[in-house]
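Single-letter residue listing:
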Amino acid sequence: MKAVWTLMAATAVTIVGAGAATAEKWDMPMAYAATNFHSEIGADFAKCVTDGTGGKLEIVTHPSGSLFKGNEIKRAVQTGQAPIGERLLSAHQNENPLYGVDSIPFLVSSFDEHEALWKIAEPKIAEALTEDNLHYLYSVPWPPQGLYFNKAIGSVADMKGTKFRSYSIATARMAELTGMLPVQVEAAELSQALATGVAEAFISSGATGYDRKVWEHLSHFYEVDAWLPRNAVFVNMDAWNGLDDATRTTVSDCAAKAQADGLARSKEYTQFTLDGLKENGMTVERANPELVKELQALGEIMTNEWLQTAGEQGKEIVETYKSM
């Protein structure tokens, strides 16, 4: 839902002239810390739009779940409580299986593989968001996902009974298949959950661990490159349709730039954050081949389960990718 400008701004517009357009301010909720590269790319995007429209449309980001918690953002934008927002799409796989296409275990394990998959999936994801009253703008992948523990892990059997932070159907299912106990925890609450023992392990990129200083609670990070989930930025459809053509063009151009810049930043951030975990005392290493083999076997189970729920569209995405 579009918000009116402040009285002072409105007065200024009147002074400039009756023909001048009234400016808008869009508050943009984001789930991750301001220092996270997704939040920084979002801030750059907001500035690009604000500058590109000459202040006609001002976007202000609100990181760390300060405006809406992560699990509230998509619904808030759908219903017009916020005009624009960013959200990890795979967290909404329960609403539409297609939102979890980027979290199929071991379907892709590198940026190049992921971008090839996303090129196929992106139009279908945009269509799914349209059905949810959302206009898709851009998305940025996280670095490859690895496992965080507070002990050495050599096999799936070593994970049994561990309280495992989940944030999506895929992460919860992985916990179940490995004998761990899934605990729903949003990113903004991760540090507290680890400090209080609510969660004892999780799967994520080096970026999340670095941003949340998890070395204060955990000791090991295992590179398994399980998948590369994406954060997407979308706009309430009514708010989008309320913009004039020139403003929509500017927003779209800034979104394209944000997606390209975000991919580059994600690649750069991968090694930087892994080095940061090491520098702060964590053991960072590739998972042993036996553990990877066990996880890949579980990934096959999860892939088949996803295909059963994703229907023809999901099957088409996966088959098209595998045929490349």
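Residue indices follow the written sequence of each chain, beginning from 1 at its first position. The model is predicted, so local features are restricted to residues of pLDDT at least 70 and side-chain atom pairs to those at 80 or more, both for listing and for counting; the totals for chains, interfaces and linings are taken over all residues. With hydrogens and water stripped out, all remaining heavy atoms of the structure feed into the side-chain values.

**Student:** Residue-level account of the pattern of salt bridges, with values.
**Tutor:** Each reported salt bridge corresponds to a side-chain nitrogen of Lys or Arg within 4 Å of a carboxyl oxygen of Asp or Glu. The tally for this structure, following the rule as stated, stands at 16 salt bridges. Of the charged contacts in the structure, one is a salt bridge between Asp225 and Arg286, with a shortest N-O distance of 3.1 Å. Placement of the pair is Asp225 in the loop between β9 (220-223) and β10 (230-236) and Arg286 in strand β11 (residues 283-286), with a sequence separation of 61 residues. Here Lys257 ties to Asp261 by a salt bridge, and the two come within 2.6 Å at their closest N and O atoms. With Lys257 and Asp261 both in helix α9 (residues 245-279) and four residues apart, the pair spans about one turn of that helix. For every residue, the accessible area obtained with a 1.4 Å probe (protein chains only) is divided by the maximum for its type, and the residue is called buried under 20%, exposed over 50%, and partly exposed between those limits. Looking at Asp261, the relative accessible area reads 31%, which means it is partly exposed. Salt bridges sharing partners connect three or more residues here, namely Lys74, Glu95 and Asp132. Counting from the N terminus, the helices are DSSP H or I runs at least four residues long and the strands are E runs at least two residues long.

**Student:** Break down the state of the cysteines for me, with residues and values.
**Tutor:** Disulfides are defined as cysteine sulfur pairs within 2.5 Å. Taken as a whole, this structure holds one disulfide when the rule is applied. Covalently, Cys48 is tied to Cys254 through a disulfide, its sulfur atoms 2.1 Å apart. Between Cys48 and Cys254 the disulfide shows an S-S torsion of about -80 degrees. By sign, it is left-handed. Here the residue Cys48 occupies a position in helix α2 (residues 37-52), and Cys254 occupies one in helix α9, the gap between them amounting to 206 residues. The class of Cys254 is buried, set by a relative accessible area of 4%.

**Student:** Pulling in residues and values, what's your account of the nonpolar core?
**Tutor:** Ranked by size, the top nonpolar core spans 87 residues in total, and within it Phe45, Ile59, Ile84, Leu137, Tyr138 and Leu147 carry the most contacts. For this core, the element with the most residues is helix α10 (residues 289-322), which contributes ten residues. Only buried residues count toward a nonpolar core, which is a set of Ala, Val, Leu, Ile, Met, Phe, Trp, Tyr and Cys residues joined through side-chain atoms within 4.5 Å. Ranked by size, the runner-up nonpolar core spans 15 residues in total, among them Val185, Leu218, Phe221 and Val284.

**Student:** Could you give an account of the pairing of strand β2 (residues 57-62), with specific residues and numbers?
**Tutor:** The side chains of a regular strand alternate between both faces of the sheet. Strand direction decides the pairing type here: strand β1 (residues 24-29) and β2, joined by six bridges, are parallel. When the bridges of β2 are listed, Trp26 appears paired with Ile59. Viewed along the sheet, the connection from β1 through α2 into β2 turns out right-handed. Whether two strands pair comes down to DSSP finding at least two bridges between them. The handedness rule is simple: strands pointing away from the viewer, and a clockwise path from the first strand over the helix to the second, make the crossover right-handed.

**Student:** I'd love a proper account of the layout of surface pockets, names of residues and values included.
**Tutor:** Think of a 1 Å grid over just the protein atoms. A cavity is a set of points where a 1.4 Å probe fits yet cannot get out, a pocket is an open set with protein on both sides within 12 Å along at least five of seven lines, and lining residues have an atom within 4 Å of a point. Grid points are joined across faces, edges and corners, and a volume is the space filled by probe spheres set on the points. Estimates place the volume of the largest pocket at around 190 Å³. Taken together, 13 residues form the lining of the largest pocket, with Gln93, Ile169, Met302, Glu305 and Trp306 sitting closest to its centre. For the lining of the largest pocket, the secondary structure elements donating two or more residues are α5 (169-178) and α10. Looking at the lining of the largest pocket element by element, the count peaks at four residues for α10.

**Student:** Account for the confidence of the model for the protein, with residues named and values stated.
**Tutor:** The pLDDT value expresses, per residue, how confident the predictor is, ranging between 0 and 100. The predicted model of the protein has a mean per-residue pLDDT of 93, with 94% of residues at 70 or higher. Contact definition: two residues touch when any of their heavy atoms are within 4.5 Å. Per-residue pLDDT stays below 50 along residues 1-20; that stretch engages in 15 contacts with residues further than four places along the chain or on separate chains.

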